[in-house]
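Each chain is listed here by its residues.
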Amino acid sequence: MNRHFARAVAMQSLYEWDFNKKGDPIEILKRNCSNLETDVDEEFAEKIIEIYVKNEKTIDDAIAKAAPEWPFEQIALVDRNILRIATAELLYDSVVPPKVAINEAIELAKSYGGDNSSRFVNGVLGTIYRNSDKYNPDEDGNTE
């Protein structure tokens, strides 16, 4: 099963939840997965969403702090939800390497975001990563 696809479905489910401001994001994910003809790693997608829901304020605050020139509510919905799932992985998932979380988010931004989304996502996540406990300057390649 493809984790990239699971991240895309998680992002789309959070997008729907964020847009409507109602319902349970896990239930939205389950409904979205049941409507797919392709197998999705639903367990992985659910894990990402659960991490986000459990740590919503901390994750949203980290995104807002890393993008001070953009008021949080003015960040495009797609970009905001890509940042949410990637930040959940960066800060709270001990299995996914930070560079993988960042690269996956950049790819989602290229596929679903606007013309500058991938650069914006890369910059915000690079800042969040460098400010996190997981940051190792010896492994820091150019993420921007």
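Residues numbered from 1 in each chain as written. Predicted model: local features only at pLDDT ≥ 70, side-chain atom pairs only at ≥ 80, totals over all residues. Heavy atoms only, no water.

Mapped onto the elements, A45 comes out in helix α3 (residues 42-54). A relative accessible area of 0% means that A45 is categorised as buried. Separated by 85 residues in sequence, A45 and R130 place their C-alpha atoms 25 Å apart. Residues contacting A45, with those up to four places away along its chain left out, are A6, A10 and L29. (Helix = DSSP H or I, 4+ residues; strand = E, 2+ residues; numbered from the N terminus. Buried < 20%, exposed > 50% of the residue type's maximum accessible area, 1.4 Å probe, protein only. Contact = heavy atoms within 4.5 Å.)

Note that S118 resides in helix α7 (residues 117-130). Its relative accessible area of 14% is what places S118 among the buried residues. Each residue touching S118, except ones within four places of it in the same chain, is listed here: I106, A109 and K110.

Secondary-structure assignment places W17 in helix α1 (residues 3-20). In sequence terms W17 and W70 are 53 residues apart; their C-alpha atoms lie 21 Å from each other. Non-local contacts of W17, meaning those with residues more than four positions away in its chain, are made with K22, G23, P25, I28, Y52, E56 and R84.

Counted according to the given criterion, the structure contains 10 salt bridges. Its salt-bridge partner being R7, residue E89 comes within 2.8 Å of it at the nearest N-O pair. Residue E89 is located in helix α5 (residues 77-92), and its partner R7 is located in helix α1; the two are separated by 82 residues in the primary sequence. By relative accessible area, E89 is classed as buried at 2%. Between R84 and D18 there is a salt bridge, with the nearest N and O atoms lying 3.1 Å from each other. (Salt bridge = Lys/Arg side-chain N within 4 Å of Asp/Glu carboxyl O.)

The next thing to look at is the packing of α1 against α5. As a packed pair, α1 and α5 sit with axes 9 Å apart at the nearest point and diverge in direction by 125 degrees. By the angle class used here, α1 and α5 are oblique. For the pair α1 and α5, the sense of crossing is right-handed. Packed against α1, whose contacting residues are R7, A10, M11, L14, Y15, W17, D18 and F19, the element α5 presents L77, V78, R80, N81, I82, R84, I85 and E89 at the interface. Of the residues contributing to the contact of α1 with α5, the split by class is 10 nonpolar, one polar and five charged. (Axes fitted to C-alpha atoms, helices over the stretch in contact; angles between N-to-C directions. Parallel < 35°, antiparallel > 145°, perpendicular 65-115°, else oblique. Left-handed = near helix turned anticlockwise from the far one by under 90°. Nonpolar A, V, L, I, M, F, W, Y, C, P; charged D, E, K, R; others polar.)

Turning to helix α4 (residues 56-66), a few remarks are in order. Among the residues of α4, I59, D60, I63 and A66 are the ones counted as buried. For α4, the arc enclosing every buried residue in end-on projection is 130 degrees, short of the 170-degree limit, so these residues lie on one face. Exposed residues on α4 whose side chains face more than 90 degrees from its buried face are K57 and K65. Summarising the contacts, the buried residues of α4 are in contact with α3, α5 and α7. (Arc of directions from axis to C-beta.)

Purely geometric stuff here, so don't read any function into it on its own.
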